[in-house]
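What follows is each chain in one-letter form.
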Amino acid sequence: MRRIISALLVLVGLTAVAPSAAAGQFKKPVYYKLNGGPYQIISADFNHDGNLDLAVAQLADSSVGILLGKGNGTFHSAQYFTAPNAVALAAGDFNGDGKLDLAVVESGGTGNGALGIFLGDGKGNFHHSVSYKLGLASGSVAAADFDGDGHLDIAVTNAGANGNGSVMVFFGRGDGTFKAPTTYRLSQYPNVVATADLNGDHYPDLVVAQNIGSVTVLTNDGRGGFKKQRTYGATSGADGIAIADFRNTGILDLAVTGTPNTVAVLLGNGDGTFGTATGYSTQVGNGYAQAVVAAHFGGGGKIDLAVECTGNASALLYGNGDGTFQSPVPIKTRENGGYSLTVGDFNKDGFQDLAMDALGSGDRVSSIAVLINTQ
């Protein structure tokens with residue numbers, strides 16, 4: 001399931017310019033212990049030192065862990081703040097002080113979920129400011145300025161029950177507080193929300209992956225309203241979304257992960273509509289595809305997909321540059337996979353690295369696995 005700053009693909013076979021993940025695309029993972037089971041991970045510079053940091057939502061431990069980056073691809077040990085049933089995160093400057101804050105989805109799963117706003121001090125510390133009631137089984141959050149007033153807004157999914165799911169949009173006042181939400185009903189158990197300008201009108205639209213195998217695009221009307229909805233077949237149990245230009249045409253495309261081991265790619269038409277989904281296997285082990293990110297991992301200016309899977313099945317799919325992708329290649333970690341991954345240049349060498357959930361088993365604790373790109 002689940003999950004901005006957003007905002008978050010699969011590994012394919014070998015080529016001369018794109019070594020496989022198993023053959024050296026990434027260095028051996030470095031692990032950072034966590035207090036609880038990680039549920040979503042995002043990256044951003046929380047302490048203004050120019051280095052990317054990590055934030056991890058921990059459902060089991062009811063906390064958010066902050067791992068400050070050192071700029072050389074390594075991180076300090078996690079420091080925590082309390083956030084009950086934390087499942088999803090988005091970063092942004094919600095009160096206009098130039099310091100990154102966090103929006104945290106706290107999901108009770110029984111109608112008592114909340115959106116918690118935690119204001120940052122610019123040093124990597126956060127304090128709770130305000131909370132807003134959410135719907136049933138809230139699970140994902142994205143932030144953007146939807147109405148063009150210069151203040152960040154927030155969208156949150158509620159899976160609902162009996163086909164009564166929704167997306168709630170909270171409009172920011174610019175001081176860290178938000179107006180009462182506008183709710184958009186969706187009938188197919190929305191899991192994940194992502195945002196980007198899909199039709200070139202300079203207003204961010206919404207993409208919502210829904211559990212029974214579809215993705216819905218809600219087009220912004222330029223005032224922060226989302227009246228126009230189009231739904232496309234994707235893949236069952238849709239749990240992750242990546243938005244990127246897979247063909248280098250200036251038009252955004254979609255990748256949506258699903259059950260059991262599939263990523264569905266929908267190529268954009270440039271007007272906010274998309275073509276029929278093409279499915280690519282992510283099968284490299286035992287597990288289920290969860291989250292996906294898109295980035296240049298293998299060189300050659302082509303967008304690739306990295307997919308976090310449960311079990312021992314995480315995968316990298318190299319892009320061909322034309323909207324198609326190669327067969328999956330394993331991304332090896334010693335632990336089981338999890339629910340989320342994030343991408344960023346953690347060692348400032350100009351190449352994109354990965355940080356992934358690593359769920360411990362037996363006497364192993366859960367952790368974050370950081371994989372540095374060897375390109």
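Residues numbered from 1 in each chain as written. Predicted model: local features only at pLDDT ≥ 70, side-chain atom pairs only at ≥ 80, totals over all residues. Heavy atoms only, no water.

Q: Is there a simple way to explain the environment of N320 in this structure?
A: Locating N320 in the fold gives a position in the loop between β24 (315-317) and β25 (329-330). Of the residues examined, N320 reaches a relative accessible area of 32% and is grouped as partly exposed. Excluding its chain neighbours within four sequence positions, the residues that come into contact with N320 are K302, F325 and Q326. Within the structure, N320 has its side chain in polar contact with the side chain of T324 (distance 2.9 Å). Side chain to side chain, N320 and Q326 meet in a polar contact 3.1 Å long. (Helix = DSSP H or I, 4+ residues; strand = E, 2+ residues; numbered from the N terminus. Buried < 20%, exposed > 50% of the residue type's maximum accessible area, 1.4 Å probe, protein only. Contact = heavy atoms within 4.5 Å. Polar contact = N/O pair within 3.5 Å; in protein donor to acceptor, adjacent residues only side chain to side chain.)

Q: Teacher, can you tell me more about the sheet that holds strand β5 (residues 79-82) here?
A: Strand pairing in a sheet takes place through backbone hydrogen bonds and is either antiparallel or parallel in direction. Ordered in space as β2-β3-β4-β5, the 4 strands form an open sheet in which the pairing is antiparallel. Only two strands of the sheet have a single partner each, and these edge strands are β2 (38-44) and β5. Going from strand to strand, the sheet's axes swing by 20° on average, the running direction of each strand aside. As paired strands, β2 and strand β3 (residues 53-58) are joined by 6 bridges and run antiparallel to one another. (Pairing = 2+ DSSP bridges. Axes fitted to C-alpha atoms, helices over the stretch in contact; angles between N-to-C directions.)

Q: How should the environment of D53 be read in this particular structure?
A: Turning to its location among the elements, D53 is positioned in strand β3. According to the relative accessible area criterion, D53 is buried, its value standing at 0%. Along the backbone, D53 and G124 are 71 residues apart, and their C-alpha atoms lie at a distance of 8.7 Å. Residues contacting D53, with those up to four places away along its chain left out, are I42, S43, A44, D45, F46, N47, L67, L68, G69 and F75. In this structure the side chain of D53 is engaged in a polar contact, spanning 2.7 Å, whose partner is the backbone nitrogen of G69.

Q: Can you walk me through the sheet that holds strand β9 (residues 126-133) in this structure?
A: Taken in spatial order, the 4 strands of this open sheet run β6-β7-β8-β9, and their pairing is antiparallel. Of all strands in the sheet, those bounded by a partner on one side alone are β6 (86-92) and β9. With direction set aside, neighbouring strand axes in the sheet form an average angle of 25°. Pairing of β6 with strand β7 (residues 101-106) involves 6 bridges; the strand directions are antiparallel. Looking across to β7, one finds that A91 is bridged to L102.

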